[in-house]
Amino acid sequence: MNELSPTSTEPKAQHWFTIGRLSDIPRRGARQVLLPRGPIAVFRTQTDEVYAIDDNCPHKGGPLSQGIVHDGAVTCPLHNWVIDLQTGDAMGADQGCVRTYEVRKDADGLVSVSLSGGSGKTE
Amino acid sequence: MTIRKKLVVIGNGMAPGRALERLLEKAPDAYEITIFNAEPRVNYDRIMLSPVLSGEKSYEDILIHDDAWYAEHGLTLKKGCKATSIDREKKQVTGADGSVVDYDKLLIATGSSPFIIPIPGKDLDGVLTYRDLDDVEAMLAAAKSGGSAVVIGGGLLGLEAAAGLTERGMDVTVLHLMPTLMERQLDTAAGYLLERAIEARGIKVRTAANTHEILGEERVEGVRLDDGTELPADIVVMAVGIRPNGDLARDAGLEVNRGIVVDDAMQTSDPDILAVGECVEHRGTAYGLVAPLYEMAAVVADRLQDGSATYTGSVTSTRLKVTGIDLFSAGDFAEGKDREEIVLRDATNGVYKRLVIQEDKLIGIVLYGDTKDGAWFFQLMREGASIEEMRETLIFGQNYAGGSPLDPTAAVAALPDDAEICGCNGVCKSKIVGAITEHGLTSLDEVRARTKASASCGSCTGLVEQLMAFTLGDGFVPDAVQPMCGCTDLSHDDVRRLIVAKELKSIPAVMQELEWRTSCGCAKCRPALNFYLVADWPGEYEDDYQSRYINERVHANIQKDGTYSVVPRMWGGMTSSQELRAIADVVDKFGIPSVKVTGGQRIDLLGVPKENLPAVWADLNAAGMVSGHAYAKGLRTVKTCVGTDWCRFGTQDSTGLGVKIEKMMWGSWTPHKVKMAVSGCPRNCAEATCKDIGVICVDSGYELHVGGAAGMHIKGTEVMCSVETEAEALEYCAAVVQLYREQGRYLERIYKWMDRVGLDAIREQVVEDEAKRTALFEKFLYSQRFAQKDPWAERVAGKDAHEFAPMNRIAMREAAE
């Protein structure tokens, strides 16, 4: 229940929010980060890449954080749409996309997310 | 003669050794050189410690510079004398023996130290690291008397230490925190092959093992893991990583982060002080492999001659130095949208190769089993060469580079006539080709019938098909086998058969041995493989939780708004005032919005947020209720009527039998959900004739039904048989379910399985063949020993706690924009 402060103090610059450690997220799994405007899903792949996207499937709003993670994609638990974690685009025949956020990992395993950056495609 | 400048070197490892060598070659008289060497030895090849440990080499074999070399070049080597401080004002270094040496240029090469995990017992006698010759000597002394060793850390060093100690006759267990060995250098497929090879040398491997404490009074006696397991140990070797030694530099006021910060000229924040080796941090990276250290050393040597060479970082590669294990990795082999991978698996020869390509350039390499092209791939990667022209044949290595794509039948065409194709039935190539031409065979089934090739375990099916294609040309149309998913050409049945035939006991094992095309499967094959492995290897296979659908992962049913529904078990549909009161209390306490009676005779609590699930379960557990598995591809409910307890038409105790069946079957995993019912008479109030398995009680005993459905398809059951006693009814029901567990394809309901194999085949195995039935029943009961743990209670006790809490909350105004 932390009230976090941005790690950067430059006005207008990207604000990086430290959200936890890489080890907090299971491999081939995801965790939610709750925001006032709704949750985002933070994924960790088999090979330890971390991606953050809105936790909201473009199809019927399913919580993508609850899906099965395979390679660089997640399959939505509600109706099996497959979302590319890097671009936020629906894969295969489905059309739609989810907002993505920039994520960075530092050498100590801390994971930060930038809420101002990212694709903002849905806005 | 000009006055020579003074160079002081702190440290006498491989990096400063190489730097001095280079400097002396070019400018032998430029400096008067003094070396502080904390170890009482000359410069030796640390990379070769493993062969010394295993006995393949001796200390003398791994010397780089002997005493004579230092004398010949007029170097002053202060052996066993640690540098204790640097005075940058006076430009002096003080040694542990009190000596003070002036410098014009100083080179810091203090190396790194092994990282010691801060756990109880870390200071006991017999806790060793693996860093220098002293460590090796301590290990050799311990190994003389045999005994057990625990190596903490399944990385490069840890595995080499484990292999060496095994060679020396110790009983060795490797503990590794992560699920796969060497996870920083290898992907899971190669990690699996490595684990198998390591275990084949008699080394025990425990992955995902977190060391809790080292046990013992004065000497090490054992190790306790977080899960409570205790392992006996006469020595414990910590090989979990290294930390740059920056203390001396930090005390002297130089800039030190993780390591001593240097620029591209290898210069520290003081222009007269350079640093080299594992103690430095260059552009944010600290290196622990020899190749980059040598590259840095060359730059240092040049700069000491006022040259202008620069070091811009290294691309590193890894090779494991354990005899008989070929492993090479380099670069970045993570997946990504803009990346492609080329994977080659050869299960027979234990070969796995994976190349990662981005914008026509090779950026990552993992080779296992066949590493002869490692150097060539690595060169392509370092040069950033375009591989566009040779993409098709790249994975086959340098010999094929630029050649035309391989004809898929070329391999079988090249086989000699007496080459054995089918190992199970001993069928050679000429016999298959002969049968095809002589009898005009055109389908796989015909070839199987005529020659028996691929008719047993099926693993040579691909080869047989290639032989048919080679013999018949365009006249061969392979059977339309529905592959399991896009990751493989094998069908569900083939995969299941091979899992058993080849004793594959993990998902990476299946993917490697059955030559999966993707590195980590997809949302279709992973849950299926997880089920097959759970069903085929009870007690041995470790459930892969990330390969389960969300409902089975969190033991509740996800709803359209992302909340969950909770259904406690009500055995045979029976409940009590106490249970109902507890449910009512839970509903009030957690503000659960909907309460619904289900079709399976129990109560569904809908709209529970994920975070509340463990607390809801805790309260239900406290009232004696457990998970109803309403979310599982497993036994759901056993619906009953009141039978002879109350009903004036009841012929048997249908409620009692229902409860007994449910107590026997709960927790079992099946290809798809299983719903059951027991009706007390043919009026069938429990609707047993549209269930997966139904029992209808009659005066003379029990009629057993299978293969009903009342979902998208409506289908009445078929009668399998009648039995006389309750015990028989239980045994037959369990035997059918076990047969379904062994033969059903994942997500295939019982009625579909029955349509496919036929009711007669089921009857033959369950009803007519008593031995088979008994075996099925016993197998079912055996696997239930591992399956019947209340998943709710486990999670109330803290299992998978991360599932039920958000990672973080951000409440800032910025976040709300």
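On a predicted model such as this, the values are computed, not experimentally measured, just so you know.

A. Spatial organisation of helix H22 (residues 726-743) of chain B. Here H22(B) spans 26 Å end to end across 18 residues, near enough to the 26 Å set by a 1.5 Å rise per residue. Burial within H22(B) is extensive, with 14 of its 18 residues counted as buried.

B. Structural context of the pattern of salt bridges. Within this structure, the stated rule accounts for 46 salt bridges over all chains. Connected through salt bridges with shared partners, the residues Asp493(B), Arg745(B), Glu748(B) and Arg756(B) form a single ionic network.

C. A look at the environment of Pro114(B). Residues and elements named next belong to chain B. Looking at the secondary structure, you find proline 114 in strand S8 (residues 112-114). Take proline 114: its relative accessible area is 18%, and that puts it in the buried class. Leaving out residues up to four positions away in the same chain, proline 114 has contacts with Thr129, Arg131, Gly241 and Ile242.

D. Quick peek at the nonpolar core. Residues and elements named next belong to chain B. Ranked by internal contacts, the top residues of the largest apolar core, which has 100 residues, are Leu165, Leu194, Val495 and Trp516. At eight residues, the largest contribution of residues to this core is made by helix H16 (residues 525-536). Formed by 51 residues, the second largest nonpolar core is a distinct cluster that contains Leu7, Val8, Leu248 and Ala297.

E. Expanded view of the interface of chain A and chain B. Listed per partner, the contact involves 47 residues of chain A and 47 residues of chain B. Across the chain A/chain B interface, buried area totals approximately 4,000 Å², and carbon plus sulfur atoms make up 57% of it. On the chain A side of the interface with chain B, the three residues burying the most area are Arg28(A), Gln66(A) and Ile68(A), jointly 16% of the side's total. The interface formed by chain A and chain B contains one salt bridge. Inspection of the region where chain A meets chain B yields 14 residue pairs in polar contact (both at pLDDT 80 or more). Within the residue set of the side of chain A that touches chain B, elements represented by two or more residues are strand S1 (16-21), strand S2 (29-34) and strand S5 (68-70) of chain A. For the side of chain A that touches chain B, a count of residues per class yields 19 nonpolar, 17 polar and 11 charged. With two bridges joining them, S2(A) and strand S39 (residues 808-809) of chain B adopt parallel strand pairing. Counted as the bridge partner of Val33(A) is Asn808(B) from S39(B).

F. Region of interest: a negative patch on the surface. Taken together, the side chains of Asp125(B), Glu217(B), Glu218(B) and Glu221(B) present a region of like negative charge at the surface. Within the element layout of this structure, Glu221(B) appears in the loop between strand S13 (211-215) and strand S14 (222-225).

G. Examining the sheet that holds strand S9 (residues 127-129) of chain B more closely. Residues and elements named next belong to chain B. Read across the sheet, five strands follow the order S9-S16-S10-S11-S12 without closing on themselves; strand pairing throughout is parallel. With partners counted over all chains shown, the strands left at the sheet margins are S9 and strand S12 (204-206), one partner each. Here the strands of the sheet are splayed against their neighbours by 20° on average, with no regard to which way each runs. Sheet analysis places strand S11 (residues 171-175) next to S12, joined by three bridges and oriented parallel. Along S12, the bridge assignment pairs valine 174 with valine 205. Here helix H5 (residues 156-167) sits on the sheet in contact with strand S10 (148-152), S11 and strand S16 (235-238), set at roughly 170° to S11.

H. Spatial organisation of the confidence of the model for chain A. All names here are of chain A. Looking at chain A as a whole, the pLDDT averages 83, with 83% of positions reaching at least 70. Scored below 50 in pLDDT, residues 1-6 makes 16 contacts in the model with residues more than four places away or belonging to other chains. Between residues 8-12, whose pLDDT stays under 50, and residues either more than four places distant or in other chains, the model counts four contacts.

I. Geometry of the packing of helix H18 (residues 577-589) of chain B against helix H19 (residues 613-622) of chain B. Residue and element names in this part refer to chain B. Orientation of H18 relative to H19, taken along the N-to-C sense of each, is 160°, at an axis distance of 9 Å. Overall, the two elements H18 and H19 adopt an arrangement that is roughly antiparallel. Of the two possible hands of crossing, H18 and H19 adopt the one that is right-handed. When H18 is examined against H19, the residues Ile583, Val586 and Lys589 are found in contact with a partner set consisting of Val616, Asp619 and Leu620. Its residues placed into classes, the contact of H18 with H19 shows four nonpolar, no polar and two charged.

The rules behind each value
Residues numbered from 1 in each chain as written. Chains lettered and ligands numbered in written order. Predicted model: local features only at pLDDT ≥ 70, side-chain atom pairs only at ≥ 80, totals over all residues. Heavy atoms only, no water. Helix = DSSP H or I, 4+ residues; strand = E, 2+ residues; numbered from the N terminus. Expected span 1.5 Å × (residues − 1). Buried < 20%, exposed > 50% of the residue type's maximum accessible area, 1.4 Å probe, protein only. Salt bridge = Lys/Arg side-chain N within 4 Å of Asp/Glu carboxyl O. Contact = heavy atoms within 4.5 Å. Core = buried A, V, L, I, M, F, W, Y, C linked by side-chain atoms within 4.5 Å. Buried area = accessible area lost by both parts, 1.4 Å probe. Polar contact = N/O pair within 3.5 Å; in protein donor to acceptor, adjacent residues only side chain to side chain. Nonpolar A, V, L, I, M, F, W, Y, C, P; charged D, E, K, R; others polar. Pairing = 2+ DSSP bridges. Patch = residues over 30% accessible without salt bridge, like charges linked within 9 Å, V, L, I, M, F, W, Y side chains within 5 Å. Areas by Shrake-Rupley, 256 points an atom, 1.4 Å probe, with all protein chains shown as cover. Lys, Arg positive; Asp, Glu negative; His and termini not counted. Charge placed at Lys NZ, Arg CZ, Asp CG, Glu CD. Axes fitted to C-alpha atoms, helices over the stretch in contact; angles between N-to-C directions. pLDDT = per-residue confidence, 0-100. Parallel < 35°, antiparallel > 145°, perpendicular 65-115°, else oblique. Left-handed = near helix turned anticlockwise from the far one by under 90°.

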